[in-house]
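Breakdown of the fold
Each chain is listed here by its residues.
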Amino acid sequence: MQSTLAKSVFVGLAALSFASVAQLNANAATKSATTKSNVTLTTDATTRNVVPTGSNAIYSYPKTVKKSARTVASKATVAKLASSKSSKDYFRAYRVLTTSKGSVYYKVVSFDGSVRGYIYGGKSATAFAGGLKSASTTTASTLTDAEKNTNYYFAKPGTTNVTWNAPQYTQYQAKKMVKSTADFGGDALKITAAQTKTREGSRYVYVEDATHPSLSGWIYAKALSTTKAVTYNNKTDVNVNYIDAATGKTVKFGFVTVDSASTATATPVTVNDALYTAINGGVPTGYSYSSKDNNNALSSVKTGDTVTAYVYATTTSKLAFYAAPESSSSIEAGATVPGTSVTYTKLTAANTTFPKLDSKLYDFLTGRKTEQLQGSAVQTFAETNLKTLTGNQVVYKNGVKGYNVYTLDTSKAFGNVAFGTTYNVPYTTTWTKGDLPTSAAAGNTDYLAD
């Protein structure tokens, strides 16, 4: 009996010993790992471009080391990033953490900077594995002979497509070489290399700008053109606001070049005939421009400035000539007076360009030479000076001869009438007895009854 008891006690002690050992082993297995090392990677940054495999989530710190680490991107989110077709979803590895259990975690950041954290990377600190693999963000592209030997230009100079130090989103923190190409539309560019973005399939080329070397860089191939874009350069050009003088509205806003790029400065540009000629060359269709118009006088203009140019619609303008009846004392007894209110309308923009028919109209009427004004069958004015107009020869049946002389009535106000409209021109009428002067011989002869 003692033998049996002793045996039972031995067996019980042995079982207890085995159970204790098993528990100790279990405790050792579940104990958290610790950080053995956490260092910055110093190899060439371009060799550390990676893409997730989709098998592991990204954490703020390895979960096996810090249970409280938060999830930065779930496994499902990482799987979407792994299959993304956008280059901005590539990652750059920049630190490596090794745990006391030999596991390796890489700290990574997405190319657009939106995701940053640790992801399991296998058991080696020198090779990507586990939740990461190396990525080639671009593939080489061959240049054609035409591309190598052709001058290119920015197709649409501005902020949309500029040069980069690497094709956009193919390297972490790729930088623009310039914020805008607006001032470099005339620069000739030479293509020296090409790459295709792996995910998007878009082609980028490296262009060298001999005029502005700091602008050289990678640019989307379709953003180039073999035709030089006409762009504004504040070092060589002047903005011009073309305003319809009759309505006061802008009909065109553009620029003219007044200085060559080779000698361009910000000093005032001399206002001379060349500048006026340049402005005249940019006049919109259907309008005309006169530098002699007081409204268009310019001074102290420098490149980069904006000036106003008043232009005039080149539609046919009309002058309606109205003659006041002559006094009864000047009329021959028994004579019938010719019509005293006749309209004449031939005056076109080819004859003059008035912004407003005010003082300039007066100058025109009192001294400007013009084509013969075509009128009615009753009277034709053949004078070349509109200050004084001579009517036709009139012969009455009683033998009396005479003609009307129409004199511009300067006592009447000349209103502010827009160019292209009809202005009623007032004349006083004086009956003159006798033959029509030879200087007015182009007129007709009217035979009137008593």
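Residues numbered from 1 in each chain as written. Predicted model: local features only at pLDDT ≥ 70, side-chain atom pairs only at ≥ 80, totals over all residues. Heavy atoms only, no water.

The name given to the chain in an unreviewed UniProt entry is S-layer protein, with the source organism recorded as Lactiplantibacillus daowaiensis.

Along the chain, the regular secondary structure elements total five helices and 26 strands. Out of the 450 residues in the chain, the part that is buried amounts to 40%. In the chain, of all internal contacts separated by at least 6 residues, the share reaching a separation of at least 24 is 61%. Entry remark: accessible area of the chain is about 23,800 Å², with carbon and sulfur atoms responsible for 53%. (Helix = DSSP H or I, 4+ residues; strand = E, 2+ residues; numbered from the N terminus. Buried < 20%, exposed > 50% of the residue type's maximum accessible area, 1.4 Å probe, protein only. Contact = heavy atoms within 4.5 Å. Areas by Shrake-Rupley, 256 points an atom, 1.4 Å probe, with all protein chains shown as cover.)

We now examine the side chain of S202. Take S202: it is sitting in the loop between β11 (189-197) and β12 (203-209). With sequence-adjacent residues up to four places away left out, S202 is seen in contact with Q195, T196, K197 and Y220.

What follows is about the sheet that holds strand β13 (residues 217-220). Strand order in this open sheet of four strands is β9-β11-β12-β13, and the pairing throughout is antiparallel. In this open sheet, the two strands that pair with only one neighbour each are β9 (138-140) and β13. Pairwise comparison of adjacent strand axes, ignoring direction, gives a mean angle of 40 degrees for this sheet. The pairing of β9 with β11 spans three bridges and is antiparallel. Residue pairing in the sheet places A140 in a bridge with Q195 of β11. (Pairing = 2+ DSSP bridges. Axes fitted to C-alpha atoms, helices over the stretch in contact; angles between N-to-C directions.)

Here we come to helix α4 (residues 273-281). By the burial criterion, the buried members of α4 are L275, Y276 and I279. The arc enclosing the buried residues of α4, seen along the axis, measures out at 100 degrees, which places them on a common side. Those residues of α4 that are exposed and aimed more than 90 degrees away from the buried face are D273, A274, T277 and G281. Buried residues in α4 make contact with β15 (237-244), β16 (250-257), β17 (287-289) and β18 (306-313). (Arc of directions from axis to C-beta.)

Of all hydrophobic cores here, the largest spans 18 residues; its most connected members are F154, L189, I191, V205, V207, I219 and L224. Of all the elements in the fold, those that place two or more residues in this core are β11 and β12. Here this core takes three residues from β11, the largest share from any one element. The contacts of V207, once residues within four sequence positions are left out, are T163, L189, K190, I191, S216, G217, I219 and L224. Of all hydrophobic cores here, the second largest spans 15 residues; its members include I58, V78, Y106 and I119. (Core = buried A, V, L, I, M, F, W, Y, C linked by side-chain atoms within 4.5 Å.)

Bringing the sheet that holds β15 into the picture now. Ordered in space as β16-β15-β18-β17, the four strands form an open sheet in which the pairing is mixed. Only two strands of the sheet have a single partner each, and these edge strands are β16 and β17. Direction aside, neighbouring strands of the sheet carry axes that sit 40 degrees apart on average. Where β17 meets β18, three bridges bridge the pair, whose relative direction is antiparallel. When the bridges of β18 are listed, Y289 appears paired with V311. Taken strand by strand, α4 contacts β15, β16, β17 and β18, and its axis lies near 135 degrees from that of β16.

For the rest of this paragraph, the subject is the pattern of salt bridges. Scanning the entire structure with this criterion turns up five salt bridges. The residue R203 makes a salt bridge to E147 at a minimum N-O spacing of 2.8 Å. With R203 in strand β12 and E147 in helix α3 (residues 145-149), this pair connects stretches of sequence that are 56 residues apart. With a relative accessible area of 22%, R203 lands in the partly exposed category. Ionic pairing is found between D305 and K302, a salt bridge with its closest N-O pair at 3.3 Å. On the basis of relative accessibility, which here comes to 35%, the residue K302 falls in the partly exposed class. Put simply, K88, D89 and D112 are held in one network by salt bridges that share partners. (Salt bridge = Lys/Arg side-chain N within 4 Å of Asp/Glu carboxyl O.)

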